Amino acid sequence: MATTVVLVLEALGVAFVNWVLGLAVRHQDMSLGGLDPDAMAVGSWIAGGVLALFLLLCAFLTARVAVRQEPASLAGRIVLIVCAVVHGVLGAVVVGLVGWLAFAALMVVLGLLVGTLLLYAPEPAEGARGGAGGTGGSPTPPPPAAPPAAPPGAPLPSAGP
């Protein structure tokens with residue numbers, strides 16, 4: 001549940017920061033390369049809303065995993081993996097732009113997501129374990145049975161002509 005709480009707080013923080021950025025652009029009549037300030041403000045609000053909704057979806061998935069005590073579906077695991085990758089990439093970018101504290105915060109969220117994915121990983125099916133090669137599929141067939149032993153004193157079978 002800690003992952004859920006952190007993701008909800010992060011979604012609220014992202015939405016708030018993008019809302020403030022949009023207001024700042026609109027009120028200051030800032031322009032970037034001749035773009036309309038209103039378009040930039042709306043773009044900031046839409047981007048913040050989409051990212052916040054994505055984080056809320058991830059929070060919902062982690063809450064469902066925590067309540068049910070079973071792994072997420074394949075689609076849910078893919079969404080959580082994408083969220084973890086986004087946090088890793090943002091952490092690499094943020095360390096240079098914002099600082100080490102922001103990097104540490106993103107790495108905490110990344111660790112919580114990876115922990116959720118690993119603690120609730122689905123168990124492999126019995127037939128999917130495979131042999132020593134670990135390739136999965138059907139189990140390795142048993143070795144062929146040895147031919148019956150010849151009685152004492154009988155000639156040995158030859159292997160060739």
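Residues numbered from 1 in each chain as written. Predicted model: local features only at pLDDT ≥ 70, side-chain atom pairs only at ≥ 80, totals over all residues. Heavy atoms only, no water.

A word on the overall build of the protein
Alright, step 1. Of regular secondary structure, the protein possesses four helices and zero strands.
Alright, step 2. For the protein, the succession of helices and strands along the chain, N to C, is α-α-α-α.
Alright, step 3. Counting every position in the protein, which comprises 161 residues, the buried fraction comes to 24%.
Alright, step 4. Across the protein, contacts joining residues at least 24 apart in sequence account for 56% of those joining residues at least 6 apart.
Alright, step 5. As displayed, the protein has an accessible area near 10,900 Å², and 74% of this comes from carbon and sulfur atoms. (Helix = DSSP H or I, 4+ residues; strand = E, 2+ residues; numbered from the N terminus. Buried < 20%, exposed > 50% of the residue type's maximum accessible area, 1.4 Å probe, protein only. Contact = heavy atoms within 4.5 Å. Areas by Shrake-Rupley, 256 points an atom, 1.4 Å probe, with all protein chains shown as cover.)

Quick look at unusual backbone geometry
Alright, step 1. Of note, Q69 is a non-glycine position whose phi angle comes to about 55 degrees, a positive value.
Alright, step 2. Among the secondary structure elements, Q69 is positioned in the loop between α2 (37–68) and α3 (74–97).

Concerning a nonpolar patch on the surface
Alright, step 1. Residues I81, V85, V89, V93, L97 and V98 make up a contiguous nonpolar surface patch of about 580 Å² in total accessible area.
Alright, step 2. Secondary-structure assignment places L97 in helix α3. (Patch = residues over 30% accessible without salt bridge, like charges linked within 9 Å, V, L, I, M, F, W, Y side chains within 5 Å. Salt bridge = Lys/Arg side-chain N within 4 Å of Asp/Glu carboxyl O.)

Side note on the layout of surface pockets
Rolling a probe over the atoms, with the probe sized like a water molecule, indicates the empty space that remains.
Alright, step 1. Computed from the structure, the largest pocket encloses a volume of approximately 320 Å³.
Alright, step 2. Residue assignment for the lining of the largest pocket shows that the elements contributing at least two residues are α1 (2–28), α2, α3 and α4 (100–119).
Alright, step 3. When its residues are assigned to classes, the lining of the largest pocket shows twelve nonpolar, one polar and one charged. (1 Å grid on protein atoms, 1.4 Å probe; cavity = no way out; pocket = protein on both sides within 12 Å on 5 of 7 lines; lining within 4 Å. Points joined across faces, edges and corners; volume = space filled by probe spheres on them. Nonpolar A, V, L, I, M, F, W, Y, C, P; charged D, E, K, R; others polar.)

Brief notes about empty space enclosed by the protein
Alright, step 1. A full pass over the atoms with the stated rule returns one cavity of 30 Å³ or more.
Alright, step 2. There is about 30 Å³ of room inside the largest cavity.
Alright, step 3. Considering the residues around the largest cavity, the lining is formed by V65, A72, R77, L80, T116, L117 and Y120.
Alright, step 4. Partitioned by chemical class, the residues of the lining of the largest cavity number five nonpolar, one polar and one charged.

Structural notes on the packing of α3 against α4
Two quantities define a packed helix pair, namely the angle between the axes and the distance from one axis to the other.
Alright, step 1. In contact at an axis separation of 9 Å, α3 and α4 are set at 160 degrees when each is read in the N-to-C sense. With respect to each other, α3 and α4 are oriented roughly antiparallel. The element α3 and its partner α4 pack so that their crossing is left-handed. In this structure, α3 contributes R77, L80, I81, C83, A84, H87, G88, L90, G91, V94 and V95 to the contact, and α4 contributes W100, A102, F103, L106, M107, V109, L110, L113 and L117.
Alright, step 2. When its residues are assigned to classes, the contact of α3 with α4 shows 16 nonpolar, three polar and one charged. (Axes fitted to C-alpha atoms, helices over the stretch in contact; angles between N-to-C directions. Parallel < 35°, antiparallel > 145°, perpendicular 65-115°, else oblique. Left-handed = near helix turned anticlockwise from the far one by under 90°.)

What to know about the packing of α1 against α4
Alright, step 1. Interaxial distance between α1 and α4 falls to 10 Å at its minimum, and their mutual angle equals 140 degrees. One way to sum up the angle between α1 and α4 is to call them oblique. For the pair α1 and α4, the crossing hand works out as left-handed. Only L106, V109, L112, L113 and T116 of α4 make contact with α1, whose side of the interface consists of A2, T3, V6, L7 and E10.
Alright, step 2. Here the residues of the contact of α1 with α4 sort into seven nonpolar, two polar and one charged.

Re the nonpolar core
Alright, step 1. Ranked by internal contacts, the top residues of the largest apolar core, which has 14 residues, are L7, L55, C58, L80, C83 and L113.
Alright, step 2. Breaking this core down by element, the ones donating at least two residues are α1, α2, α3 and α4.
Alright, step 3. With five residues, α2 is the single largest residue contributor to this core.
Alright, step 4. Every residue in contact with L80, bar those within four places of it in the chain, is listed here: C58, L61, T62, L113 and L117. (Core = buried A, V, L, I, M, F, W, Y, C linked by side-chain atoms within 4.5 Å.)

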